[in-house]
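# Observations on chain architecture
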Amino acid sequence: MTSVFTFGAGVQWFEAYEVARQRNRVMVGGICSGGSIGVAGGWLAGGGHSLIAPNYGLGMQKNLA
Amino acid sequence: MPDLVQSHSHRGSVGVDNVLEITIVTANGDHVIANPYRNKDLFWALRGGGGGTWGVVTSVTYKTHPSTSFSAALLSVNSTNVESTKNLLMEIIRLTPSIVDQGYGGYGFGTTEQMFFFVMSPNLTVEQTQATFSPLFEFAISQPGFSVENYTILYQDFWQAYELLSTNNPVGIPAELSSWLLPKDVIETDQPEELAGELLKLSSFAYS
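Parameters at a glance
Residues numbered from 1 in each chain as written. Chains lettered and ligands numbered in written order. Predicted model: local features only at pLDDT ≥ 70, side-chain atom pairs only at ≥ 80, totals over all residues. pLDDT = per-residue confidence, 0-100. Helix = DSSP H or I, 4+ residues; strand = E, 2+ residues; numbered from the N terminus. Contact = placed C-beta atoms within 7 Å. Nonpolar A, V, L, I, M, F, W, Y, C, P; charged D, E, K, R; others polar. Pairing = 2+ DSSP bridges. Axes fitted to C-alpha atoms, helices over the stretch in contact; angles between N-to-C directions.

### Focus: the confidence of the model for chain A
Residues and elements named next belong to chain A. Here chain A averages 78 in pLDDT, while 83% of its residues score no lower than 70. Put simply, helix α2 (residues 42-45) is where chain A has its lowest mean pLDDT, 80, and strand β1 (residues 4-8) is where it has its highest, 94. The low-confidence segment residues 58-65 (pLDDT under 50) makes 13 contacts with residues lying over four places distant or belonging to another chain.

### Considerations on the interface of chain A and chain B
Listed by partner, the interface residues are 44 residues for chain A and 48 residues for chain B. Residues that form the side of chain A that touches chain B fall into these classes: 24 nonpolar, 18 polar and two charged. Direction of pairing for β1(A) relative to strand β4 (residues 56-63) of chain B: antiparallel, over a ladder of five bridges. Within the sheet, the bridge partner assigned to G8(A) lies in β4(B) and is S59(B).

### Here we look at the environment of T80(B)
Relative to the assigned elements, T80(B) resides in the loop between β6 (70-79) and α2 (82-101). When the C-alpha atoms of T80(B) and P144(B) are compared, they prove to be 8.4 Å apart, with 64 residues separating the residues in sequence.

### A word on the sheet that holds β6(B)
Residue and element names in this part refer to chain B. Pairing is antiparallel in the open sheet, where four strands are placed in the order β7-β8-β6-β9. Edge positions in the open sheet fall to β7 (105-110) and β9 (146-155), since each of these has one partner strand only. Here the strands of the sheet are splayed against their neighbours by 5 degrees on average, with no regard to which way each runs.

### What to know about the sheet that holds strand β2 (residues 19-25) of chain B
Taken together, four strands build an open sheet; the order of strands is β1(A)-β4(B)-β2(B)-β3(B) and the sheet is antiparallel. The open sheet has two edge strands with one neighbour each: β1 of chain A together with β3 (31-34) of chain B. In this sheet, neighbouring strand axes are inclined to one another by 15 degrees on average, regardless of whether the strands run parallel or antiparallel.

Structural data, given as structure tokens:
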């Protein structure tokens, strides 16, 4: 099962969440009306606060080929 | 909006902790890969170093997690009594270490006239959420000058919660952003009144 997603700049969180839902995955991302925050932009550059961040912070540098 | 978070928990994290790789066009025109092995200094800087500083990001690779249910609590208050608002904020501060230990994350916004508080945690039952938040709900209902809405709810997955959260809010809120990350020893203060007073001096606060 795919557990790592790569998104191009310009993709918005509502699109990313839709992809994750189809694959039965959840992502640590932003929430706003319409989901129009970008996955690769200032939200991330500022650190990326998320509703579910308290639970999903482990192993960020372990899986990369 | 200061965030009330537990900074030294092994679970404490933000979006950048879930990033595995970033591709970016740097100021000299190179399109490079930044990850823990290649351009690692750039990778480090990109995860929290501010917008637009390091170049133009062209893609981000995120780690994902298995889907799970989320148990949530919501409390929304309109207040005509400043003391009541402050008292409620003190109760939320007192409850915060326990909430964080149970894996809740969320948002709160408040002024002296209104307060909104929403948190959710994976892998908990709605009965557990009710047990945790009923005292807070009852406290809010008992305060003079309050009009209170509250509930607990089980979302089957993140998408269900997201749909409700993202469609019910207007675009933009009248909030002035600031950034305080409050460590646990500050939240576990023996003077919650002082902390509540400081937070309410701001135009709003956020809870996460």
